[in-house]
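Understanding the architecture of this molecule
What follows is each chain in one-letter form.
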4 protein chains.
Amino acid sequence: MPDDLTLLSRRTLMLAGGATLAAVGGAQGASPPQAAVKPAPVDTGRVENGRVTFPNWRGPSDRPAAPPPAPLPPERRVGFAVVGLGRLSLEEILPAFGQTKKAKLVALLSGSPDKAKLVAAQYGVKPEAVHGYDGFAALARNPEVQAVYIVTPNGLHRDHVLAAAGAGKHVLCEKPMANSAAEARAMIDACATAGVKLMIAYRCQYETHNREVTRLVRGGQYGKPKLIEAVNTQTMSLPEQWRLRRDLAGGGALPDIGLYCLNGVRALLGEEPVAVQAQIRSPEDPLYREVEETVAFTLRFPSGALAQCNTSYGAHETRRLAVQAEGGAITLENAFAYEGQRLILNHREGRSEAREERALPVHNQFALEIDHMATCILEDRSPRTPGEEGLQDQILMEAIYEAARTGGTVALKPPERTLQKGPLDLTRGPAPEDAG
Amino acid sequence: MPDDLTLLSRRTLMLAGGATLAAVGGAQGASPPQAAVKPAPVDTGRVENGRVTFPNWRGPSDRPAAPPPAPLPPERRVGFAVVGLGRLSLEEILPAFGQTKKAKLVALLSGSPDKAKLVAAQYGVKPEAVHGYDGFAALARNPEVQAVYIVTPNGLHRDHVLAAAGAGKHVLCEKPMANSAAEARAMIDACATAGVKLMIAYRCQYETHNREVTRLVRGGQYGKPKLIEAVNTQTMSLPEQWRLRRDLAGGGALPDIGLYCLNGVRALLGEEPVAVQAQIRSPEDPLYREVEETVAFTLRFPSGALAQCNTSYGAHETRRLAVQAEGGAITLENAFAYEGQRLILNHREGRSEAREERALPVHNQFALEIDHMATCILEDRSPRTPGEEGLQDQILMEAIYEAARTGGTVALKPPERTLQKGPLDLTRGPAPEDAG
Amino acid sequence: MPDDLTLLSRRTLMLAGGATLAAVGGAQGASPPQAAVKPAPVDTGRVENGRVTFPNWRGPSDRPAAPPPAPLPPERRVGFAVVGLGRLSLEEILPAFGQTKKAKLVALLSGSPDKAKLVAAQYGVKPEAVHGYDGFAALARNPEVQAVYIVTPNGLHRDHVLAAAGAGKHVLCEKPMANSAAEARAMIDACATAGVKLMIAYRCQYETHNREVTRLVRGGQYGKPKLIEAVNTQTMSLPEQWRLRRDLAGGGALPDIGLYCLNGVRALLGEEPVAVQAQIRSPEDPLYREVEETVAFTLRFPSGALAQCNTSYGAHETRRLAVQAEGGAITLENAFAYEGQRLILNHREGRSEAREERALPVHNQFALEIDHMATCILEDRSPRTPGEEGLQDQILMEAIYEAARTGGTVALKPPERTLQKGPLDLTRGPAPEDAG
Amino acid sequence: MPDDLTLLSRRTLMLAGGATLAAVGGAQGASPPQAAVKPAPVDTGRVENGRVTFPNWRGPSDRPAAPPPAPLPPERRVGFAVVGLGRLSLEEILPAFGQTKKAKLVALLSGSPDKAKLVAAQYGVKPEAVHGYDGFAALARNPEVQAVYIVTPNGLHRDHVLAAAGAGKHVLCEKPMANSAAEARAMIDACATAGVKLMIAYRCQYETHNREVTRLVRGGQYGKPKLIEAVNTQTMSLPEQWRLRRDLAGGGALPDIGLYCLNGVRALLGEEPVAVQAQIRSPEDPLYREVEETVAFTLRFPSGALAQCNTSYGAHETRRLAVQAEGGAITLENAFAYEGQRLILNHREGRSEAREERALPVHNQFALEIDHMATCILEDRSPRTPGEEGLQDQILMEAIYEAARTGGTVALKPPERTLQKGPLDLTRGPAPEDAG
């Protein structure tokens, strides 16, 4: 295999590019021809199995670079339609397609034609692949579209997923899956009937640091987890947002951001909780006329762990996941944020206490999640976070609301729909591939 | 302006998508038609001046989201050819084009045809735009190519820049600019003669955290900077790498990574140093037969600051920039790394000492740098880091080597070629636009 | 006021100390007599109001030093007897007397004569002031003893406090106050009857960082607190320790370390909770035959805050207090530890998120607490944490056990015994003096 | 060996203390006599070799407590006279005697009689042991005084050490040792002639975190150190301080705080530098009429390390020691401060980069240093930091000033006076005992 530089001397280059160099006039004079000694070979990488790889060039005390990305050629990637052009799509999801390796953006559905037209131009989506919310039939006819990513308000998820399934497309649906467990069941059924995959966009289950926490907890090096704290708070204003309308949002802080605590703890342990207690508070504020501001709930897990979860629309943004285990403590700051995760391990180190922060490679979470959906389509696998995963959270959120209403402990049943029998991850598909 | 959701009720949707929904059978039953009360309007953003914007929906104590990206449509972006497909291109630069907003990748030059062919497919570069190192003439004929990014070993920069200029293309050249000041002068001259822009890829001058440090230091809120420490170290192995060959690298740690210290301190202050002292050490190790391992140098600036810079190929990766000023200390951990910058401000807060870490939005540095080049081309401006900036560093690196050789203090002259007369930033163009 | 150095030249010194200097021979020759110019005056501090003070000599950007300590002369300090020579006394409390400014150690009571004799010698306690647990009558006769610090197992607190009160001495009693609310009431009554002060050793209410958190929360600069997390965990072994015996400890993790969470949250807000939910778990382990391992409980406060508290004897030591407020988050790492507190404030700073760690002066917590008791005795004031504060926690711990047993929400009554009409700090005395 | 609690039931206690308990009336009723079952034994520690020890009661994942301190009985401790009652004595040194285990304060010398009288009362020093600076003869006659701690301005150290040696007392002298190498030689000679020990108060060589850094660097687990940065800066005001007078201070930032960098690097490596370069800067400010503000210097060590040191009186307080080694980076924040040291280890951990902060037990540095002097006197050993250590720094500081003056590299000779031949620590005595 020829290397770019193996046989290259500056002389060689000048001969090869001579005509061009001559054109700019005389500059060669600054670099006299070198001696005839053939230089040592220089490594320029290997091409193997459709990837370029390089030998590690760093000393053993530094992390080796990850292998270079090997994106699929555009024509082999899975084409996605994105439905809904609100903040999340514009700020996060559409830009993330620039970092996917197996997916591409090929169509848009929106209720705002002007916005859709502008955005389509920005992202190179063909004008004929831009539609209103009545465009599912057109999607059905577009062979470039293999999957639909539903990014509309929660209260519309059910209908949009049904429409996408009806169009015969695989579906990636934002969380929370729906406004109710009943809606979630209908969505699972519709996708099953239509023979399409359904994945809920639990991006943290694809995010590298969250996965490392799961790996550390389940790997057991710190012993049994005893107590878990999950906090997800932010502040709100702007009364005209759909998140504050019950019909569109399904609830307040709980389904929107408290869900990260709930799903995060479940995904971490792999177990399902057996009991829940909860408290809800909302201030006298028109913002919270329809939905709740603050929820605190406690989950009891069969293996012995207790998890305390806190969520609020009324507190400065904090997004922490912390695990107190027998042999150490694991904290993930910004666990549920779009970026800025910080993994901190506290453990004894002889006579001292170590607070070890581990910097992992950073990846765009949305790109990881979208690529996982693409991989599942390309390889015909079940997504890690299928509809069943979303349904279980809907059932649990309904139990949390009940617990808060009654003040008592609500006993929880095993998951209603499962993918496997195993002791863990009953509502989940196989673990996703590693990032990068 | 119509909004996607303003007039939308779930009923509306179902009518609109009715035919499709019917196809999946009966699922509507789970969601009974809602009452006829028209829901409150829901914000869905504005389209203004070719951008989509949304009102802030977070409370005042949380950071508002940045406006959504507004990428240029693909057909209006500046087309780049990348020359050289080594690690840096494969691992960082080619992926970064997925995050640029004004640039696109349209051609490749490489000495390894197999590698080039594979990579072109991965990144959607047309086969006819893939060339060997003798392909500058072909670039000249390709109107899609407006700029050339030179990512070859340092010792080839001069010839490749000359070739690109000869092809009539604007040039973005990796740092260090060249193996010598003489080569750098030739490159500036060639680009001037050819009437093309020349920018040196000092990515840190475009990186958000480094720019914030500069803003803080120059803004004066912490008073005069007195002492600066810049450290850039990493470890090496693999004798077959061009970085260890003098003809290809021009030197060892100094031009490769010590340059970040040198350029970082200069860019921070905006001033030029007036004197330098230096020490060089290299162990008995075949890796360092041709190039140096470790350099420590001290720069004296006219305004009163002293900067101590440390660089080594023989120490675990550390990339710190620290400023001790009258009123506080500013430290940027991972200052020169591709990611992971941490900005830390130490200052008095009443009776306590505050160590304040500020998390800024994270952007891909290479994308910022490439977009700056594209902006300069689109708007016909001078780049922030033109060839003159690179030349000044080449001159200073030659002075550092001389200081180390003689053990004495080397006096430094004002920059040889400047863009402006002002007291600061003599070798630089206007400040780049803000990121995202 | 004469200064040590104002009029001092090296010559002056040599004359003054001349005879002595001559004795070591000839060394003066190395320092020739200086010129007769009188040097500028040099600051050496002021003596005012029984304190030495110095003007600040640091620039405005550095914290000024605290005024030098002004310890009371030994003969004016309050004499303490320490009852119980277990780990806490030996490791923390006796050494802390070296850092008190108003208290001194003058007597010991212990059940281990050999240990008591050795310890008395180490700390300069007179042999005649060392007694067995039957020594309260001897304490009564010793005028040097003004206060008794009870550091015996919890189950003995009631009897030892009664004995100390019976001896007519003021009482400082370790936390938890007792094994039950009934015992706590008896202790308050006994001290009232005897006309002696009773303080419970809630050291965190005297510790600088915890007090700063309280100041920040109550000061309102971060708005209303919405959610609070308090975690206090550690691991246990050694079955032969009194903490694992119900009769001696009164319970497991809850009264021993969970009490810090409970009291910490109450002291932070100044309010009293109105409802509590709880969960308890203990593994199959002989260590936990008599007492519980793990408790999670949630407190509801009238002003709107919810607090989730976690404590365990089965998890690596973590001692965190975190407050999520409208305008920022306040975290105190190692909140309940003997040392190593870290105060972290998260808040928005323009477009960035600031994580500000504030280093406060460090003080020995036990010395602060003991000095507070001494101050209250010297000035005849009520302690910040009197018996009423301890009683309220005993009542709440009984409610937590009840909530865990029933699974329901337990409604809480206002404090049974109060010092003031509130609105805040009903069970507390005046705020303690500032440290240092 | 009897335990305090082994045989103790609550009944036993009540019998023993019965009369007393009866006096407070009826409270026993709250605690009914317990059943006759003899409770399990409870651990209460051992008395062995003059120490109390307890078995570890924490689980294996938590740090065991250090053994309880075993202070020497007061009458066996080494009696110290403190000479000079400026800020350092009042703020740090006198309070530190409350934390020493082998030393006690027994006499004071000061030029301010009022101040001395007040301070003596506060610290329990007998009035007859309080003198002016002419009191060395009185010290000579006082058998309680075994050692003298010289805490006067630098320019007086020589004469005060000579006076103390002349009085036949061992000497602990603050750093910098003197105003010149010549003075330092005279001090060593005088103490040798008088047959007394001389120790220079390099407290960081006794401080736990600094010692841990030395242990880590020399232990080699991170490979060879290549580059070291030492920064010690603070800001100044108050023209009337002796630190700004050349005759009293001997220089500016260099001898006062830059010395920590110099001595810190030397103590870390154990080696002596072979060459030095330096730069000095001082602003136009009356504060710096006599002494320098800012010094940057670079030291070359025979083993291959380069050290860059920065010190200034004109920059916000920063006191960092950082080591870049082959296999990792070691940073000690607040290295040279009185408290707040933070030890941070950066190293690769698989695919991630770990930033591991290790919390060590905290000890008062002055108490450790004073106790080391006491130990050396009690055991007739050489101090770790004798006069020879101080002399070497004086010689090196003179070389730094020369290097700054000439702009060239100053070659350095081996230490002039040494304690041993070994490859390392030529100017030092045996390593000090471990703290607590």
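Residues numbered from 1 in each chain as written. Chains lettered and ligands numbered in written order. Predicted model: local features only at pLDDT ≥ 70, side-chain atom pairs only at ≥ 80, totals over all residues. Heavy atoms only, no water.

1. Topic: the interface of chain B and chain A
By a widespread convention, an interface's size corresponds to the accessible area lost as its parts come together. Taken together, the contact pairs 106 residues of chain B with 107 residues of chain A. Across the chain B-chain A interface, the total number found is 8 salt bridges. The partner of D43 of chain A in a salt bridge is R87 of chain B, and the shortest N-O contact between them spans 2.9 Å. Linking chain B to chain A there are 33 residue pairs in polar contact (both at pLDDT 80 or more). Looking at the side of chain B that touches chain A, the element that brings in the most residues is helix 6 (residues 154–166) of chain B, giving 9 residues. (Contact = heavy atoms within 4.5 Å. Salt bridge = Lys/Arg side-chain N within 4 Å of Asp/Glu carboxyl O. Polar contact = N/O pair within 3.5 Å; in protein donor to acceptor, adjacent residues only side chain to side chain. Helix = DSSP H or I, 4+ residues; strand = E, 2+ residues; numbered from the N terminus.)

2. Observations concerning the relation of the copies chain B and chain C
If you rotate chain B by 180° and push it 0.0 Å along the axis, it lands on chain C with an RMSD of 0.1 Å. This pairing of chains is accounted for by a two-fold axis. Across chain B, the rotation axis passes nearest the C-alpha of E356 of chain B, at a separation of 2.0 Å. Comparing contact sets, 96% of the residues at the interface of chain B also lie at the interface in chain C, consistent with an isologous, same-surface contact. (Least-squares fit on C-alpha atoms with pLDDT ≥ 70 in both.)

3. As for the interface of chain B and chain C
With 23 residues of chain B at the interface, the matching set in chain C holds 22 residues. Buried surface at the junction of chain B and chain C, summed over both partners, amounts to about 2000 Å²; 48% is from carbon and sulfur atoms. Of all residues in chain B, the largest losses of buried area upon contact with chain C belong to R63, R348 and R351 of chain B, amounting jointly to 29% of the total for that side. Put simply, chain B and chain C have 2 salt bridges between them. Between E349 of chain C and R358 of chain B there is a salt bridge, and its shortest N-O distance comes to 3.8 Å. Summed over the shared surface of chain B and chain C, the number is 10 residue pairs in polar contact (both at pLDDT 80 or more). Listed by contribution, the elements that provide at least two residues to the side of chain B that touches chain C are strand 15 (342–349) and strand 16 (352–359) of chain B. The class makeup of the residues in the side of chain B that touches chain C is 7 nonpolar, 5 polar and 11 charged. The pairing of strand 16 of chain B with strand 16 (residues 352–359) of chain C spans 7 bridges and is classified as antiparallel. (Buried area = accessible area lost by both parts, 1.4 Å probe. Nonpolar A, V, L, I, M, F, W, Y, C, P; charged D, E, K, R; others polar. Pairing = 2+ DSSP bridges.)

4. Regarding the relation of the copies chain B and chain A
Once chain B is rotated about the relating axis by 180° and shifted along it by 0.0 Å, it coincides with chain A to within an RMSD of 0.0 Å. In this assembly, 100% of the residues forming the interface of chain B have copies in chain A that are likewise at the interface, indicating an isologous arrangement.

5. Describing the pattern of salt bridges
Taken as a whole and assessed by the stated rule, the structure comprises 137 salt bridges over all chains. A salt bridge links E389 of chain A to R266 of chain A; the nearest nitrogen and oxygen atoms lie 3.1 Å apart. A residue pair is termed long-range when its members are at least 10 positions apart, and E389 of chain A in helix 12 (residues 387–406) and R266 of chain A in helix 10 (residues 253–269) qualify at 123 residues. By relative accessible area, which is 0% here, E389 of chain A ends up buried. Judged by its relative accessible area of 0%, R266 of chain A falls in the buried class. The closest approach of N and O atoms between R58 of chain D and D62 of chain D, which form a salt bridge, is 3.2 Å. The exposure classification of R58 of chain D matches that of D62 of chain D, with both residues buried. One salt-bridge network, in which partners are shared between bridges, spans R218, R266, E272, R384, E389, D393, D425 and R428 of chain A. (Buried < 20%, exposed > 50% of the residue type's maximum accessible area, 1.4 Å probe, protein only.)

6. Some points on the domain arrangement of chain A
Residue and element names in this part refer to chain A. We note that the domain assignment places domain 1 (74–201) and domain 2 (208–361 + 386–411) within chain A. Placing a centre on the C-alpha atoms of domain 1 and another on those of domain 2 gives a separation of 27 Å. At the junction of the two partners, domain 1 supplies 20 residues and domain 2 supplies 21 residues. Approximately 1600 Å² of surface area, both sides summed, lies buried where domain 1 meets domain 2, with 61% of it carried by carbon and sulfur atoms. Scanning the region where domain 1 abuts domain 2 turns up 1 salt bridge. Viewed at the interface, domain 2 and domain 1 are joined by 10 residue pairs in polar contact (both at pLDDT 80 or more). Secondary structure elements with two or more residues in the side of domain 1 that touches domain 2: helix 3 (87–96), helix 6 (154–166), helix 7 (181–194) and strand 8 (198–200). Take the side of domain 1 that touches domain 2: its biggest share by element is 4 residues, from helix 7. Grouping the constituent residues of the side of domain 1 that touches domain 2 by class yields 12 nonpolar, 4 polar and 4 charged. (Domains from an automatic or database assignment.)

7. Description of the packing of helix 3 of chain A against helix 11 (residues 365–379) of chain A
Residue and element names in this part refer to chain A. Two numbers describe how helix 3 lies on helix 11: the axes approach to 8 Å, and their chain directions differ by 60°. The hand of the helix 3/helix 11 crossing is right-handed. On helix 11, the residues touching L88, E92, I93 and A96 of helix 3 are F366, A367 and I370. Of the residues contributing to the contact of helix 3 with helix 11, the split by class is 6 nonpolar, no polar and 1 charged. (Axes fitted to C-alpha atoms, helices over the stretch in contact; angles between N-to-C directions. Left-handed = near helix turned anticlockwise from the far one by under 90°.)

8. Concerning the confidence of the model for chain A
Residues and elements named next belong to chain A. The predicted model of chain A has a mean per-residue pLDDT of 91, with 90% of residues at 70 or higher. Across residues 1–37, where pLDDT falls below 50, the model places 68 contacts with residues more than four positions away in sequence or in other chains. Across the whole predicted complex the pTM is 0.93, and at the interface the ipTM reaches 0.91. (pLDDT = per-residue confidence, 0-100.)

9. Thoughts on the packing of aromatic side chains
Evaluation of the coordinates by the stated rule reveals 16 aromatic pairs over all chains. Above the ring of W57 of chain C, the side-chain terminus of R58 of chain C is found at 5.3 Å from the ring centroid. (Phe/Tyr/Trp six-rings, centres within 6.5 Å; stacked < 30°, edge-to-face > 60°. Lys NZ or Arg CZ within 6 Å of the ring centre and 35° of its normal.)

10. Describing helix 12 (residues 387–406) of chain C
Counted at 1.5 Å a residue, the expected span for helix 12 of chain C with its 20 residues is 28 Å, and the 29 Å between its end C-alpha atoms agrees. Among the 20 residues of helix 12 of chain C, 14 are classified as buried, and the element is accordingly described as predominantly covered. (Expected span 1.5 Å × (residues − 1).)

11. Regarding the pairing of strand 11 (residues 294–300) of chain B
Residues and elements named next belong to chain B. With 6 of its 7 residues buried, strand 11 lies for the most part within the structure. Note: strand 10 (residues 275–281) against strand 11, 7 bridges, orientation antiparallel. When the sheet's bridge partners are listed, A275 is paired in strand 11 with R300. Judged from the 7 bridges that link them, strand 11 and strand 12 (residues 306–312) form a sheet pairing that is antiparallel.

12. Observations concerning the sheet that holds strand 8 (residues 198–200) of chain D
All names here are of chain D. The strand order across the open sheet built from 6 strands is 5-4-3-6-7-8, with neighbouring strands paired in parallel fashion. Of all the strands in the sheet, the pair left with one neighbour each is strand 5 (130–131) and strand 8. Across the sheet, helix 4 (residues 113–123) touches strand 4 (103–109) and strand 5, and the angle it forms with strand 4 is around 165°.

13. Topic: the packing of helix 8 (residues 208–219) of chain B against helix 10 (residues 253–269) of chain B
Residues and elements named next belong to chain B. Following both chains from N to C, one finds helix 8 and helix 10 inclined at 45°, their axes separated by 8 Å at the closest point. Judged by the inter-axis angle, helix 8 sits oblique to helix 10. Contacts between helix 8 and helix 10 involve V213, T214, V217 and R218 from the former and A267, L268 and L269 from the latter. (Parallel < 35°, antiparallel > 145°, perpendicular 65-115°, else oblique.)

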